[in-house]
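So the chains spell out like this:
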Amino acid sequence: MAWLRGLLLLEVVLLIPVVADTLGCFHYGFAFTNPLSNITGNPFNVVSADECQMQCKNTIGCSNFGYYPVSGACYLGHGGVLYAIQGAIAGPKECPSLNPACTALPDPSFPAETPPQTMEAWPGGVQPTPLQCWPRWSDGLPSRCRNQTASVLEDTEDGWPGQCDGMVKIVDLRGGETCQTRCMLTPLCSVWAIESSSDAYGAAVCWHGMLGHNCSHNSNGIRPSRAQRLQHGTYRVLMQTVGVQILGLHNSFGGTVYGDWQEGAKHCKLECRSYLLCQYWQYSRVYGCFLEMPQRSAVGYPLTTTGVFRSVNRNSEAARDIVAGEMIQHNCVGEMSAIPTAAPSAGESQLVVPGISPETQPATAGSAWPWWINMVLFAALCLCLSVIGAAVWMGLEERAKRRARHGGNLRQAWSTPGHGQDPKLHGYSPAAQHGQEATSSFMQNIHMPQMPHFQMPGYGSQGPPPPNMHREAHRQTRGGRYF
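Worth saying up front: this structure is predicted, and the values here are computed from it rather than measured. (Residues numbered from 1 in each chain as written. Predicted model: local features only at pLDDT ≥ 70, side-chain atom pairs only at ≥ 80, totals over all residues. Heavy atoms only, no water.)

**Side note on the state of the cysteines**
- Using the criterion set out here, one finds 10 disulfides in the structure.
- Paired by a disulfide, Cys272 and Cys278 hold their sulfur atoms 2.1 Å apart. Taking the torsion about the sulfur-sulfur bond, which here is approximately -100°, the covalent link between Cys272 and Cys278 counts as left-handed.
- A residue is classified by how much of its surface remains accessible, and Cys272, at 0% relative accessible area, is buried.
- Not part of a disulfide, Cys382 finds its nearest cysteine sulfur in Cys384, a span of 9.4 Å.
- Under the relative-accessibility criterion, Cys384 is labelled partly exposed at 47%. (Disulfide = S-S within 2.5 Å. Buried < 20%, exposed > 50% of the residue type's maximum accessible area, 1.4 Å probe, protein only.)

**Things to note about the sheet that holds strand S17 (residues 322-331)**
- Judged by pairing direction, the sheet is antiparallel, and its 5 strands sit side by side in the order S11-S17-S14-S15-S13 without closing on themselves. A single partner strand is all that each edge strand has here, and the edge strands are strand S11 (234-240) and strand S13 (250-253). Taking each pair of neighbouring strands and ignoring which way they run, the sheet shows an average axis angle of 30°.
- The sheet contact formed by strand S14 (residues 280-284) and strand S15 (residues 288-291) spans 4 bridges and is antiparallel. Residue Gln282 lies in a different strand from S15, and its bridge partner there is Phe290. (Pairing = 2+ DSSP bridges. Helix = DSSP H or I, 4+ residues; strand = E, 2+ residues; numbered from the N terminus. Axes fitted to C-alpha atoms, helices over the stretch in contact; angles between N-to-C directions.)

**Thoughts on the pairing of S17**
- Across the 10 residues of S17, 10 count as buried, placing the element largely inside the fold.
- Across 6 bridges, the pairing between S11 and S17 is antiparallel. Paired with Thr234 across the two strands is Asn331, which belongs to S17.
- In this structure, S14 lies alongside S17, joined through 5 bridges in antiparallel fashion. Its bridge partner lying in S17, Trp281 is registered against Glu326.

**Considerations on the layout of surface pockets**
- Within this model, the second largest pocket holds a volume of roughly 860 Å³.
- Lining the second largest pocket are 29 residues; nearest its centre among them are Tyr28, Gly29, Phe30, Pro130 and Pro294.
- Taken together, the elements giving at least two residues each to the lining of the second largest pocket come down to strand S1 (27-32) and strand S5 (82-92).
- Among the elements that take part in the lining of the second largest pocket, S5 stands out by supplying 6 residues, more than any other.
- The residue inventory of the lining of the second largest pocket, partitioned by class, reads 19 nonpolar, 7 polar and 3 charged. (1 Å grid on protein atoms, 1.4 Å probe; cavity = no way out; pocket = protein on both sides within 12 Å on 5 of 7 lines; lining within 4 Å. Points joined across faces, edges and corners; volume = space filled by probe spheres on them. Nonpolar A, V, L, I, M, F, W, Y, C, P; charged D, E, K, R; others polar.)

**Observations regarding empty space enclosed by the protein**
- Scanning the entire structure with this criterion turns up 2 cavities of 30 Å³ or more.
- Estimated volume of the largest cavity: approximately 80 Å³.
- Along the wall of the largest cavity there are 13 residues; nearest its centre are Pro130, Leu131, Gln279, Gln329 and His330.
- No other element matches S17, which puts 4 residues into the lining of the largest cavity.
- Within this model, the second largest cavity holds a volume of roughly 40 Å³.

**Details of unusual backbone geometry**
- The omega torsion across Asn42 and Pro43 is 10°, close enough to zero to call that bond cis.
- Within the secondary structure, Pro43 sits in the loop between S1 and strand S2 (44-45).
- The omega angle of the peptide bond from Phe110 to Pro111 is -5°, so this bond is cis rather than trans.
- Mapped onto the secondary structure, Pro111 falls in the loop between S5 and helix H3 (115-120).
- Although it is not a glycine, Asn34 adopts a positive phi angle of roughly 65°.
- Within the fold, Asn34 resides in the loop between S1 and S2.
- Its identity is not glycine, yet Asn214 carries a phi of approximately 50°, on the positive side.
- Its place among the elements puts Asn214 in the loop between strand S9 (205-213) and strand S10 (226-232).

**Observations regarding the pattern of salt bridges**
- Going through the model one piece at a time under the given rule, you end up with 11 salt bridges.
- A salt bridge links Arg174 to Glu177; the nearest nitrogen and oxygen atoms lie 3.5 Å apart.
- With its nearest N and O atoms 2.6 Å apart, the salt bridge here joins Arg182 to Glu177. Pair check on accessibility: Arg182 and Glu177 agree, each one buried. (Salt bridge = Lys/Arg side-chain N within 4 Å of Asp/Glu carboxyl O.)

**Focus: the environment of Arg136**
- Tracing the chain through its elements places Arg136 in the loop between H3 and strand S6 (150-155).
- A relative accessible area of 10% means that Arg136 is categorised as buried.
- There is a polar contact of 2.7 Å between the side chain of Arg136 and the backbone oxygen of Gly140. (Polar contact = N/O pair within 3.5 Å; in protein donor to acceptor, adjacent residues only side chain to side chain.)

**Quick word on the environment of Ser190**
- Its location among the elements puts Ser190 in the loop between helix H4 (179-184) and strand S8 (191-195).
- On a C-alpha basis, the gap between Ser190 and His213 in space is 9.7 Å, while along the polypeptide they are 23 residues apart.

**Notes on the sheet that holds S5**
- With respect to topology, 5 strands assemble into an open sheet ordered S1-S5-S3-S4-S2, the strand pairing being antiparallel. Strands with a single pairing partner mark the edges of an open sheet, and in this sheet they are S1 and S2.
- Where helix H2 (residues 49-57) meets the sheet, it contacts S2, strand S3 (64-68), strand S4 (73-77) and S5, and its direction lies at approximately 150° from that of S3. (Contact = heavy atoms within 4.5 Å.)

**Concerning a nonpolar patch on the surface**
- On the surface, a cluster of nonpolar side chains totalling about 290 Å² of accessible area is made up of Ile388, Val392 and Leu396.
- Residue position: Leu396 is located in helix H7 (residues 371-413). (Patch = residues over 30% accessible without salt bridge, like charges linked within 9 Å, V, L, I, M, F, W, Y side chains within 5 Å. Areas by Shrake-Rupley, 256 points an atom, 1.4 Å probe, with all protein chains shown as cover.)

**Digging into helix H5 (residues 261-274)**
- Given a rise of 1.5 Å per residue, 14 residues ought to cover 20 Å, and the 20 Å separating the end C-alpha atoms of H5 matches this to within 8%.
- Turning to H5, its buried residues number three or more, namely Gly264, Ala265, His267, Cys268, Leu270, Glu271, Cys272, Arg273 and Ser274.
- Of the residues that open H5, the one with a side-chain oxygen 3.2 Å from the backbone nitrogen of Gln262 is Asp260. (Expected span 1.5 Å × (residues − 1).)

**Some remarks on the confidence of the model for the protein**
- The predicted model of the protein has a mean per-residue pLDDT of 78, with 71% of residues at 70 or higher.
- Ranking the elements of the protein by mean pLDDT puts helix H1 (residues 2-15) last with 40 and S14 first with 98.
- The low-confidence segment residues 1-18 (pLDDT under 50) makes 16 contacts with residues lying over four places distant or belonging to another chain. (pLDDT = per-residue confidence, 0-100.)

Below, the structure written as structure tokens:
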């Protein structure tokens, strides 16, 4: 129903956090060194990263800021080096209209020997940080893409095993929600699967994976009846990493899982594309697939080839075994694309999973209304219901008043005036009062004659009197003062 969809949309608008409009400007999980020491009150206490940025903009000598949402501390700084630290948000004093971090590529010197040299290899002077160009909520969590929502990379119907490690059972699906749609609408869900072997009664069980790695027949993961690997949004390749070893990556599956290294590299790349937190993937002829998994190990930032914090190895045996690899950036660039389970427009195809996807019917041309029309219809319906309710209430009030007036007139007509009341208002007069007193006195002085007792044979002591005695009593009554 249109009004129900409008109500649900209104609840969503009121309850969900606001999407931050600083795409590519802030660095989540990073801070700058060299805070300003000549500013009284630094760090300040603010309520948001935007307010901290405004504080920096209004402070002479400030070029960047660092904000900590948990404590509300806002550090103002100048220059310094960007470094990774959990729970921080960093950014410049002003956001550029078009951030080169989301569009530019590094020069051939990247990665360089030292952090400053590595930063200079990028047109914006800063190596892109993880998910820098991905939309986020105001609290920093990744939000959904506004255009490229989700696409299917691998499917068990196409021969993909789908037996992934790192899956979590989902037990809180809401009405009308499926295992597939929940994953497609959750940016950090890369794999969904349905299986029934783990349930004692054979019921279908839903599983989701943030990464869902090692999805081969040799895996110890679940045996799904249906599974898919998804990619949220789009991506772009920043650098090829063939012949170098990125330190800090985690091994997803071995080099003997697939028949040749090209097939293994293809699946390794798909795993990284489906996992929003993965920026690097590499495939080794000997050791197989390696991915960035921040929850297990971290890759040094920025990438450097020398020094104590070296994160790239160029001259090792492992580096020579790398036959495929990329540094990628997840983003939301491209034409508008609905999720595969959305109702298609005329002439479009749709992915329908029997028993899993919600049933949908092809929409006819011009049948889909914009959301604001639903909101207008919902508001009009609420207004009509309010007018009808007010009219009914006013009618009931008027009826109650008429009943009250009619009941008061009846009571006045049948009651005598009380103390302090005007007798004429109640239809009362002295003559009527005199008549009432006379009638009362008359009724009080009536004495019914006592009939004599007679005893007739056959009737006992209380038998009926003879007929002539009735006539005698009648004559006595008419001769008296009673008639």
